[in-house]
Amino acid sequence: MVDYTFVVEKMCPICTKDTRIIKTRSRLMVEKTDEDYCVHYKGFNPYYYKIWICENCGFAADEKTFLSVLPKKQRAAIWDFLQSKHFDIEFSETRTFPDAVASYQLALAYQDLINGSPCKRATLNLNLAWMYRFNDDHEKEQEYMLKAAEFYDRSLSTERYPVDGMSDGSVLYVIGAIYYRLGLFEKCTQYLSRIISDQDLRSREPRVYDKARDLWGDVRAAKKSR
């Protein structure tokens, strides 16, 4: 594990104390990428370490959220919640599958507490679905994929894009890809068609457009094979 991770100290945005954080090195070998952008790496899974957890107070979030200045109201809500709880966080450089799952569930709990961005919550749910995919737990994977699709759909109607590095076109594609993997082909094509029929998006985001066309072809092939 030493080859893939290293430890740094960062200040927690909630309790403001320094905490040890596990970071992953960037040079990893990609084996394949699924339709919904889940990347499979050779010999190591960086998704295990995507969520940072404060070993002092128990706050958990992805790197961007952890390093950001949270709005005062959100910080106060989380701090008040933590005062009524006791999280016994044992720092370890190596995370097991249960550790990784727990980290995502904790991060989601904090986002629910502050009624966080639908896009943020969608991405956390999708990442958690991937964790179950890696562990061949298809029932749990599908449960969190559906939650991710629902939050992404809510995000499209309530948030102004780009959000968290995603465009509205890439979100439409991800929703379509989620429904494709769930075998819900009619719902998949509803979202893909919004991309394919949008000529402005075709010129603005040609890669997203091309991926949507490719996935549309996969849907047609999958329907024929049924």
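Rules behind the numbers
- What you see as residue numbers is a count from 1 along each chain, following the sequence as written.
- Only residues with pLDDT of at least 70 get local features here, since the model is predicted, and only at 80 or more are side-chain atom pairs given and counted; chain-wide, interface and lining totals rely on the full set of residues.
- Values shown for side chains rest on all heavy atoms present in the structure; no hydrogens or waters enter the calculation.
- Under this scheme, a helix contributes an axis fitted over its contacting stretch, all axes are lines through C-alpha atoms, and angles between N-to-C directions fall in the 0 to 180 degree range.
- Starting at the N terminus, helices and strands are each numbered in turn, a helix being any DSSP run of H or I of at least four residues and a strand any DSSP run of E of at least two.
- Should an angle fall under 35 degrees it is taken as roughly parallel, and over 145 as roughly antiparallel, whereas 65 to 115 is taken as roughly perpendicular and any remaining angle as oblique.
- Each crossing is labelled by how the near helix is turned from the far one, with a counterclockwise turn of less than a right angle marking it left-handed and a clockwise turn marking it right-handed.
- The contact definition used throughout considers only heavy atoms, calling two residues in contact when any of these lie within 4.5 Å.
- Residue-level confidence of the predictor is what pLDDT reports, using numbers from 0 through 100.
- Note on classification: 1.4 Å probe, protein chains only; a residue is buried when its accessible area is under 20% of the maximum for its type, exposed when over 50%, partly exposed between these limits.
- Helix span, as expected, comes to 1.5 Å for every residue beyond the first.
- Note: the arc covers the axis-to-C-beta directions of the helix.
- Aromatic rings from Phe, Tyr and Trp, taking only the six-membered ring of Trp, are treated as a pair when their centres fall within 6.5 Å; an angle between ring planes under 30 degrees marks them as stacked, one over 60 as edge-to-face, and anything in between as tilted.
- Any two strands are treated as partners once DSSP identifies two or more bridges connecting them.
- Counted as positive: Lys and Arg. Counted as negative: Asp and Glu. His and the chain ends are not counted at all.
- Salt bridge, as used here, is a side-chain nitrogen of Lys or Arg placed within 4 Å of a carboxyl oxygen of Asp or Glu.
- Counting of polar contacts relies on pairs of N or O atoms within 3.5 Å, with two restrictions inside protein: one atom must be capable of donating a hydrogen and the other of accepting it, and residues adjacent in sequence are counted only when both atoms are side-chain atoms.

Points about the packing of helix 5 (residues 138–158) against helix 6 (residues 168–181)
- Where helix 5 meets helix 6, the axes come as close as 10 Å, and the angle between the chain directions of the two elements is 150°. Our classification of the angle between helix 5 and helix 6 gives roughly antiparallel. Seen from above, helix 5 lies across helix 6 with left-handed handedness. Of the residues in helix 6, those touching helix 5 at Glu 141, Met 145, Leu 146, Ala 148, Ala 149, Tyr 152, Asp 153 and Leu 156 are Asp 168, Val 171, Leu 172, Val 174, Ile 175, Ile 178, Tyr 179 and Arg 181.

Regarding the confidence of the model for the protein chain
- Of all residues in the protein chain, 98% have pLDDT values of 70 or greater, and the mean over the chain is 94.
- The element-level mean pLDDT for the protein chain is lowest in helix 8 (residues 199–204), coming to 92, with helix 4 (residues 118–134) highest at 98.

Focus: unusual backbone geometry
- Following Tyr 161, the chain continues to Pro 162 via a peptide bond in cis, the omega torsion being 10°.
- In the Ramachandran plot, Tyr 37 falls in the positive-phi region, its phi being about 75° despite a non-glycine side chain.
- Of note, Tyr 37 is situated in the loop between strand 3 (30–33) and strand 4 (39–41).
- What makes Tyr 37 partly exposed here is its relative accessible area of 30%.
- Its identity is not glycine, yet Asp 136 carries a phi of approximately 60°, on the positive side.
- Here Asp 136 is to be found in the loop between helix 4 and helix 5.

Concerning helix 9 (residues 206–225)
- A rise of 1.5 Å per residue sets the reference length of helix 9, with its 20 residues, at 28 Å; its end C-alpha atoms lie 29 Å apart and thus fit the reference within 8%.
- Residues of helix 9 that are buried include every one of Val 208, Tyr 209, Ala 212, Leu 215, Val 219 and Ala 222, and no others. Looking straight down helix 9, one finds its buried side chains confined to an arc of 135°; they lie on one side. Turned more than 90 degrees away from the buried face of helix 9, the exposed residues are Arg 207, Asp 214, Arg 220, Lys 224 and Ser 225.
- Contacts made by the buried residues of helix 9 are with helix 6, helix 7 (185–196) and helix 8.

Examining the packing of aromatic side chains
- Considering all chains together, one arrives at 14 aromatic pairs under this definition.
- Look at Tyr 47 and Trp 130: their rings are 5.2 Å apart centre to centre, the planes differ by 65°, and that puts the pair in the edge-to-face class. Here the residue Tyr 47 occupies a position in the loop between strand 4 and strand 5 (51–53), and Trp 130 occupies one in helix 4, the gap between them amounting to 83 residues. This pair shows no difference in class: Tyr 47 is buried, exactly as Trp 130 is.
- Between the aromatic rings of Phe 59 and Tyr 110, the centroid separation amounts to 5.2 Å while the plane-to-plane angle is 55°, which identifies the pairing as tilted.

Some thoughts on the pairing of strand 2 (residues 18–24)
- Here strand 1 (residues 5–11) pairs with strand 2 via seven bridges, running antiparallel. Note on strand 2: the bridge partner recorded for Phe 6 is Lys 23.
- Hairpin connection, strand 1 to strand 2: the antiparallel pair is bridged by six residues, and Thr 16 has positive phi, about 65°.

Quick notes on the side chain of Glu 159
- Along the chain, Glu 159 falls in the loop between helix 5 and helix 6.
- The buried charged residue Glu 159 lacks any salt bridge, with Arg 154 as its nearest oppositely charged partner at 8.6 Å.
- In terms of polar contacts, Glu 159 uses its side chain to reach the side chain of Ser 117, at 2.8 Å.
- Separated by 2.9 Å, the side chain of Glu 159 and the backbone nitrogen of Cys 119 make a polar contact.
- Once residues within four sequence positions are removed from consideration, Glu 159 is found in contact with Ser 117, Pro 118 and Cys 119.

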